Amino acid sequence: MPTTVPPLLQIEDLHVEFDTPDGTVEAVSGVGFTVGAQETVAVVGESGSGKTVTALAVLQLLDGGRISRGRVLWDGTDLTGLDRRALRRIRGNEIAMIFQDPMTSLDPLYSVGHQIVEGLRLHRRIDKRAARERAVELLEQVGMPDPRRRLDSYPHQLSGGQRQRVMIAIALACSPRLLIADEPTTALDVTIEAQILELLRELQVEYRSAMLLVTHDMGVVAETADRVVVFYAGQVVEQGPTADVLRDPQHPYTAALLAAVPTPETDRAERLAAIPGSVPPLRAMPSGCRFHTRCALAWDACAREEPPLHALPGGRSARCLLHGSGTARKTLDSASTRGA
Ligand SMILES: Nc1ncnc2c1ncn2[C@@H]1O[C@H](COP(=O)(O)OP(=O)(O)OP(=O)(O)O)[C@@H](O)[C@H]1O
Ligand SMILES: [Mg+2]
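Parameters and conventions
Residues numbered from 1 in each chain as written. Chains lettered and ligands numbered in written order. Predicted model: local features only at pLDDT ≥ 70, side-chain atom pairs only at ≥ 80, totals over all residues. Heavy atoms only, no water. UniProt positions renumbered as here; feature names shortened; annotations may be inferred. Helix = DSSP H or I, 4+ residues; strand = E, 2+ residues; numbered from the N terminus. Rg over C-alpha atoms; globule rule 2.2 N^0.38 Å. Buried < 20%, exposed > 50% of the residue type's maximum accessible area, 1.4 Å probe, protein only. Contact = heavy atoms within 4.5 Å. Lys, Arg positive; Asp, Glu negative; His and termini not counted. Salt bridge = Lys/Arg side-chain N within 4 Å of Asp/Glu carboxyl O. Polar contact = N/O pair within 3.5 Å; in protein donor to acceptor, adjacent residues only side chain to side chain. Axes fitted to C-alpha atoms, helices over the stretch in contact; angles between N-to-C directions. Parallel < 35°, antiparallel > 145°, perpendicular 65-115°, else oblique. Left-handed = near helix turned anticlockwise from the far one by under 90°. Pairing = 2+ DSSP bridges. Nonpolar A, V, L, I, M, F, W, Y, C, P; charged D, E, K, R; others polar. Core = buried A, V, L, I, M, F, W, Y, C linked by side-chain atoms within 4.5 Å. Near = heavy atom within 4 Å. Areas by Shrake-Rupley, 256 points an atom, 1.4 Å probe, with all protein chains shown as cover. pLDDT = per-residue confidence, 0-100. Domains from an automatic or database assignment. Buried area = accessible area lost by both parts, 1.4 Å probe.

The name that an unreviewed UniProt entry assigns to the protein is ABC transporter ATP-binding protein, with the source organism given as Pseudonocardia adelaidensis. Here the protein is described in UniProt, under the heading Subcellular location (unreviewed entry), as follows: "Cell membrane". Reading the Sequence similarities (unreviewed entry) entry of the UniProt record for the protein gives the comment "Belongs to the ABC transporter superfamily."

Our next topic: the overall build of the protein. Helix and strand content of the protein: 14 helices and twelve strands. In terms of overall dimensions, the protein is globule-like: its C-alpha atoms have a radius of gyration of 21 Å, near the 20 Å expected for 340 residues. Taken along its principal axes, the extent of the C-alpha atoms in the protein is 65 × 50 × 50 Å. Looking at the protein as a whole, 50% of its 340 residues qualify as buried. Put simply, 64% of the contacts in the protein that link residues at least 6 apart link residues at least 24 apart.

On to the side chain of Arg319. Within the element layout of this structure, Arg319 appears in the loop between strand 12 (316-318) and helix 13 (322-325). Among buried Asp, Glu, Lys and Arg side chains, Arg319 stands out as unpaired, with Glu306 the closest opposite charge at 5.7 Å. In this structure the side chain of Arg319 is engaged in a polar contact, spanning 2.9 Å, whose partner is the backbone oxygen of Val236. A distance of 3.4 Å separates a polar side-chain atom of Arg319 from the backbone oxygen of Pro307. What Arg319 contacts, discounting residues up to four positions off in sequence, is Gly30, Gln235, Val236, Val237, His251, Pro307, Pro308 and Leu309.

Running from N to C, helix 7 (residues 160-172) and helix 8 (residues 190-207) point in directions that differ by 15°, and their axes come no closer than 11 Å. One finds that helix 7 runs roughly parallel with respect to helix 8. For helix 7 against helix 8, the interelement crossing comes out right-handed. Contact residues: Gly161, Gln164, Arg165, Ile168 and Leu172 in helix 7; Ile192, Gln195, Ile196, Leu199, Leu200, Leu203 and Tyr207 in helix 8.

Attention shifts here to the sheet that holds strand 5 (residues 77-78). Pairing is antiparallel in the open sheet, where four strands are placed in the order 2-1-4-5. Pairing within the sheet leaves two strands with one partner each, and these edge strands are strand 2 (23-35) and strand 5. Summarising the sheet, strand 4 (residues 65-74) and strand 5 pair through two bridges and their orientation is antiparallel. Residue pairing across strands places Trp74 opposite Thr77, the latter belonging to strand 5. Running at roughly 110° to strand 1 (residues 9-20), helix 1 (residues 51-58) makes contact with strand 1, strand 2 and strand 4 of the sheet.

Glancing now at the packing of helix 4 (residues 112-123) against helix 5 (residues 128-141). Where helix 4 contacts helix 5, the two axes come as close as 9 Å, and the packing angle between them is 120°. Handedness of the helix 4/helix 5 crossing: right-handed. Of the residues in helix 5, those touching helix 4 at Ile116, Val117, Leu120 and Arg121 are Lys128, Ala131, Arg132, Arg134, Ala135, Leu138 and Leu139. Looking at side-chain class alone, the contact of helix 4 with helix 5 contains seven nonpolar, no polar and four charged residues.

On to the side chain of Gln250. By the secondary structure assignment, Gln250 is in the loop between helix 10 (242-247) and helix 11 (252-259). Only 3.3 Å separates the side chain of Gln250 from the backbone oxygen of Asp248, close enough to count as a polar contact.

Moving on, we get to the nonpolar core. In this structure, Leu9, Phe33, Leu178, Ile180 and Leu212 are the most contacted members of the largest nonpolar core, which totals 36 residues. In contact with Leu9, other than residues within four places in its own chain, are Phe33, Thr34, Val35, Val58, Val72, Leu73, Trp74, Leu178 and Leu212. Judged by nonpolar contacts, the second largest core, of 35 residues, contains Val136, Val142, Val166 and Leu172.

We now examine the site of ligand 1. Close contacts around ligand 1 come from 13 residues, with Ser47, Gly48, Lys51, Thr52 and Val53 the closest. Within the side chain of Ser47, a nitrogen or oxygen atom sits 2.5 Å from an oxygen atom of ligand 1. Glu183 places a side-chain nitrogen or oxygen 3.4 Å from an oxygen atom of ligand 1. Out of a free accessible area of 640 Å², ligand 1 has 65% covered by protein chains.

Take the confidence of the model for the protein next. Overall, the predicted model of the protein reaches an average pLDDT of 89, with 91% of residues at or above 70. Scored below 50 in pLDDT, residues 268-273 shows four contacts in the model against residues more than four places distant or in partner chains.

Right, let's talk about the domain arrangement of the protein for a bit. According to the domain assignment, the protein contains domain 1 (9-94 + 176-337) and domain 2 (106-175). Relative placement of domain 1 and domain 2: their C-alpha centres are 31 Å apart. At the junction of the two partners, domain 1 supplies 18 residues and domain 2 supplies 15 residues. Contact between domain 1 and domain 2 buries roughly 1,400 Å² in total, counting both sides, with carbon and sulfur atoms accounting for 62%. At the junction of domain 1 with domain 2, the criterion picks out zero salt bridges. At the surface where domain 1 touches domain 2, the tally comes to seven residue pairs in polar contact (both at pLDDT 80 or more). Every element with two or more residues in the side of domain 1 that touches domain 2 is listed here: helix 2 (84-90) and helix 8.

A few words on the sheet that holds strand 3 (residues 40-44). Taken in spatial order, the eight strands make up an open sheet running 6-7-8-3-9-10-12-11, and their pairing is mixed. Of all the strands in the sheet, just strand 6 (95-98) and strand 11 (310-312) have a single pairing partner and so form its edges. Strand-to-strand twist in this sheet, taken as the mean axis angle between neighbours without regard to direction, amounts to 20°. The strands that helix 8 touches are strand 3, strand 6, strand 7 (178-182) and strand 8 (210-214); relative to strand 8, the one it contacts most, it runs at about 155°.

Right, here's the structure in full:
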């Protein structure tokens, strides 16, 4: 991609706040990354790190929250300044979203055929009969058995995997340029998960769409993403091309996440030995580096200084003081051999 072409999606210095009974909290604090045309970018991080809030902020779908600072540029246009009508034209049409649990986004009162047809007719001038035919085609494409008959099924009559296939069909109905998939397979068992991920990859190639894939699974990242963005406590702590980041992480948190990835050989006890401690609550963010309280490599400066996101060679960056100290390479290497 020539450097003069702007990325499809460019998130800049995004801050998201929520008002709660105990005051205002900031769930996302200065997040920035890009997704290029036809690129797959994975967002990873532990529960509560701000992945879903960021995805919802892109589509201006924050419930009870607000973007307090930053921009979300879609093809160069800032979505944070658009009115509802302009946003509706983009949602579902240019950017489509697939959620973790299809039951929260499918309407239990309507047949799946009706829901696909409605989605199509919202954005396209197409009569009902043609929309129904297109719905059959879409269900066939997402691998639904007996698609014509399935049009009349209601969501509760389908298995979890089938419901997720319907969600994908609805998302693809208008050939979006970006598909945001927020943990699309965590509600499914492992075999179905692999099938759905494979389906998403195939359809993404066929539809030439970009994908922003939210996951907490490094295995999924390795198999799916061109680039990976690692979140910790509402910030990006590392990002770069997937193969490089997985082979040679430049942030102790990424290294720890990778060390916690189960392989077929790891026994159960090891699988449970994830990163010690937990993501700090929004109301009690540590001073300095947000990860220092759990970091095997932290030293006294880490509690005082907020590390900037250091730009590194190869289109990478990492938010760690080690990269300002000139000792990152040696220290991170020794940490990963210790399985930090
Ligand atoms: N409506 C809300 N009101 C207040 N706080 C919220 C709201 N929605 C999210 N948060 C907080 O924002 C933080 C980030 O939440 P988010 O859902 O983005 O996490 P996540 O990375 O998607 O986690 P998971 O992997 O569990 O899906 C959490 O601390 C969460 O409690
Ligand atoms: Mg989430």
